[in-house]
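# Topology and contacts: notes
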Amino acid sequence: GTPLSKGPDEEGDYDDMVNMPKMDQAMVLQNVEKRFKRDAIYTAVGDVLISVNPFKDLGMYTPEIMRKYHHETDADEKAPHIFAVARDAYRRIIRPPHKAQSVLVSGESGAGKTEASKLLIRYLASMS
């Protein structure tokens with residue numbers, strides 16, 4: 001993955017929209033659309049992950065990619081990803097003060113909620 005940036009990336013969009021100088025509905029939609037068009041289906045807004053179903057396999061969920069999110073040193077350098085959400089929830093459970101975690105997966109019919117939930121569970125299972 002690419003490092004999370006404080007400003008726009010090489011393509012002129014934001015992987016974490018918290019860093020946008022101004023944010024309104026039109027800018028959010030434009031940013032997410034620009035990222036989607038180059039198969040960057042995940043966009044962060046702080047701890048929130050926006051995911052757009054690409055309806056195709058992008059090769060983003062291989063065991064190798066999952067392992068990259070396991071490694072402590074690489075973890076915070078990864079672009080927004082469902083595995084990063086699972087990793088962060090897992091870390092908050094196992095590290096003091098051992099806080100219980102919930103992950104809310106929301107969206108319209110066909111948005112990919114079931115697949116996202118399966119990916120979260122697959123990652124968490126790989127950590128145990």
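Everything below is about the structure shown above.
Before going into details, it helps to say that this report is about the structure given with it. What you see is a predicted model, and the numbers here were worked out from it, not measured in a lab.

### Quick notes on the overall build of the chain
Regarding its fold elements, the chain presents 5 helices and 2 strands. Tracing the chain from N to C terminus, the helices and strands come up as α-β-β-α-α-α-α. When the backbone C-alpha atoms are referred to their principal axes, the chain occupies close to 40 × 30 × 25 Å. Counting every position in the chain, which comprises 128 residues, the buried fraction comes to 30%. Excluding contacts between residues fewer than 6 apart, the proportion of contacts in the chain whose partners are at least 24 apart in sequence is 43%.

### What about the side chain of T43?
Position of T43 among the secondary structure elements: in strand β1 (residues 42-45). Within the structure, the side chain of T43 is placed 2.9 Å from the side chain of R35, a separation counted as a polar contact. Dropping the residues within four chain positions of it, T43 is found in contact with Y14, D15, M17, N31, V32, R35, V48, L49, I50 and P80.

### Overview of the pairing of strand β2 (residues 48-51)
Here is the key point about a regular strand: its side chains alternate between the two faces of the sheet. Note that β1 and β2 share 4 bridges and pair antiparallel. Counterpart to A44 in the pairing with β2 is L49. Between β1 and β2, which follow one another and run antiparallel, lie 2 residues, and G46 among them has a positive phi close to 65°.

### Notes on the packing of helix α2 (residues 63-70) against helix α4 (residues 82-94)
For the pair α2 and α4, the least separation of the axes is 9 Å and the interaxial angle reads 40°. Considered as vectors, α2 and α4 are oriented oblique to each other. In this structure, α2 crosses over α4, and the sense of that crossing is right-handed. Here I65, M66 and Y69 of α2 come into contact with α4, specifically with F83, A84 and R87.

What counts and how
- Residues numbered from 1 in each chain as written.
- Predicted model: local features only at pLDDT ≥ 70, side-chain atom pairs only at ≥ 80, totals over all residues.
- Heavy atoms only, no water.
- Helix = DSSP H or I, 4+ residues; strand = E, 2+ residues; numbered from the N terminus.
- Buried < 20%, exposed > 50% of the residue type's maximum accessible area, 1.4 Å probe, protein only.
- Contact = heavy atoms within 4.5 Å.
- Polar contact = N/O pair within 3.5 Å; in protein donor to acceptor, adjacent residues only side chain to side chain.
- Pairing = 2+ DSSP bridges.
- Axes fitted to C-alpha atoms, helices over the stretch in contact; angles between N-to-C directions.
- Parallel < 35°, antiparallel > 145°, perpendicular 65-115°, else oblique.
- Left-handed = near helix turned anticlockwise from the far one by under 90°.

Function-wise, these values are silent; they only describe arrangement.
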